[in-house]
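Listed below, chain by chain, are the residues.
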Amino acid sequence: MGQKVIVIGANHAGISATTHVLDLDKDAQVHVFDADKYMSFLACGMALWIGNQISTGDGLFYSSREQLEAAGAKVSTETEITGIDYEKKTVTYKTKDGEEGSESYDKLVLATGSSPIIPRLPGIDLPYVQRAKQYEDAQKAVEQLKHDDSVKTVTVVGAGYIGAELAEAYQRAGKKVILIDALDRILGTHFDRDFSEVMADRMRSKGIEIHLGELVQRFEGEDRVRSVVTNKGTYDTDLVIMCIGFRPNTSLARGHLQLFRNGAILVDKHQRTSDPDVYAVGDCATTFDNSIQATSYIALATNAVRSGMIAGMNIAGRDIESCGVEGSSGLCLFDLKMVCTGQTVETAAQSGIQAEQVDLTDTQKPAFMNEVGENPEVKIRIVYRRDNHEVIGAQLMSEYDMSATIHMFSLAIQERVTIERIALSDIFFMPHFNQPHSYINEAALQALH
Ligand SMILES: Cc1cc2nc3c(=O)[nH]c(=O)nc-3n(C[C@H](O)[C@H](O)[C@H](O)COP(=O)(O)OP(=O)(O)OC[C@H]3O[C@@H](n4cnc5c(N)ncnc54)[C@H](O)[C@@H]3O)c2cc1C
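Residues numbered from 1 in each chain as written. Predicted model: local features only at pLDDT ≥ 70, side-chain atom pairs only at ≥ 80, totals over all residues.

(A) Here's a closer look at the pairing of strand E22 (residues 336–342). Among the seven residues of E22, five are classified as buried, and the element is accordingly described as predominantly covered. As defined by bridge partners, strand E21 (residues 329–333) adjoins E22 across five bridges and the pair is classed as antiparallel. Paired with Ser-329 across the bridge in E22 is Cys-340. Where E21 hands over to E22, the hairpin turn is made up of two residues, of which Phe-334 adopts a positive phi near 45 degrees. Both E22 and strand E25 (residues 391–398) contribute to a ladder of six bridges, which runs antiparallel. Bridged to Val-339 within E25 is Leu-396. (Buried ≥ 20, exposed ≤ 12 C-beta atoms within 10 Å, placed from the backbone. Helix = DSSP H or I, 4+ residues; strand = E, 2+ residues; numbered from the N terminus. Pairing = 2+ DSSP bridges.)

Structure follows, in structure tokens:
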């Protein structure tokens, strides 16, 4: 009989780990548990659904219980793992009908993900103060928009990429939208100020009311939330969406596994925890951030899938190491595209890294291409270390879809490429696509002058 693997959590990280064990170790028995009914929900599509840009949430799934079972897994949904005995190597579970049991493992994969941070502020439990994470949250929001005329003003608390996307979605759905953040600008952890301010202006031009540098203190209302009170003002509202970040779900690990400063499970590049028989993947675990050359916490579906893959392959007997990550991400709000990877100048400083930047704004294609079609400007910033000139970050913004450019910077950070190498790298030219001398080379060249 093959090894017995238990996977806790059947979303992106858990599914990825499961399929890779089953692909590579035909004798393995894999039992996947999830407390939820749904699996593989792409939360990234939530804003598109709420904002009516897609008509249904049905396409936001890429796997199912049936598919995992067909691949050879045993799947128990609506079944919560309530405890782990790491000495005896058993887990205990409880089904939604209250049935309890336990099961043993040879290898355990923790893929328990993350939950929205919901601060214990007065009024936080009032009806119409909601979260945005699971399929049920999206479903509730969409039903509300269809059938509940009482929701006219929506307040989004937190102007990171999820809060900003949801602010756009509710505006598209015809609501008055208020966006509040404690920082003095939106998208503060992903983009430097001169990028995030362009986006904030775009959002304001669409009627979104943005309040920055304001700390939410409480929610008021009798039967439901009626207003949000910050340290600077009171705003009437009919619905609040909390988007201030995510906390790793690691209660099952506490007291046994080593944890990172935010409570995430510390893992090495094989996704191994401090217990040799236990792996952790996805949002519940740490990751190695190449841009700071240190362990970090970056909750992204991309990292979840990749880390699940690595754990799965290692459990199946391959010796595979993570390449580390750069936290590359993108967003498109009111058609303005923004992509980023690694550090901004500001986040580098917060990590104690002295960084330099080079900036350039240029059209995507030569001027003569204006006769052929749209030729928008692209704004680029490359961030590199002052000491050794290694590239540690990049940001781009345009109406044009230049998003694929960020992959090159992601790889450059991973491979510790210097700004000088970027300046002289071979970037092709063809008028339909770009300029004779690309803005990537041009921006980087400034560091040589
Ligand atoms: C609105 C929104 C938009 C996003 N957009 C993007 C995007 O565009 N790009 C991107 O890369 N990322 C995006 N993300 C982030 C991405 O969704 C997460 O990083 C990803 O879901 C992490 O996957 P995971 O499998 O690690 O964890 P989760 O998705 O959190 O899944 C964990 C699973 O574990 C289960 N579980 C937890 N505890 C137990 C237990 N004790 N017993 C049984 N089951 C348990 C849960 O029910 C859950 O199904 C977005 C997130 C949100 C909320």
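(B) Summary view of unusual backbone geometry. Although it is not a glycine, Ser-40 sits at a positive phi angle of roughly 70 degrees. Along the chain, Ser-40 turns up in the loop between strand E2 (29–33) and helix H2 (46–50). Unlike most non-glycine residues, Lys-89 shows phi in positive territory, near 60 degrees. With respect to the helices and strands, the residue Lys-89 is situated in the loop between strand E4 (79–85) and strand E5 (90–95). Exposure remark for Lys-89: the 18 C-beta atoms within 10 Å place this residue in the partly exposed category.

(C) Structural detail: the UniProt feature "domain: Pyridine nucleotide-disulphide oxidoreductase dimerisation" (unreviewed entry) in the protein chain. According to UniProt, the positions carrying the feature "domain: Pyridine nucleotide-disulphide oxidoreductase dimerisation" (unreviewed entry) are residues 331–434. Helix makes up 20% of residues 331–434 and strand 35%, whereas the separation of the span's terminal C-alpha atoms amounts to 22 Å. (UniProt positions renumbered as here; feature names shortened; annotations may be inferred.)

(D) Fine view of the site of the ligand. Taken together, the neighbourhood of the ligand is formed by 32 residues, with Gly-9, Asn-11, Cys-44, Gly-113 and Gly-282 sitting nearest. In terms of residue class, the shell around the ligand is made up of 17 nonpolar, 10 polar and five charged. (Near = placed C-beta within 6 Å. Nonpolar A, V, L, I, M, F, W, Y, C, P; charged D, E, K, R; others polar.)

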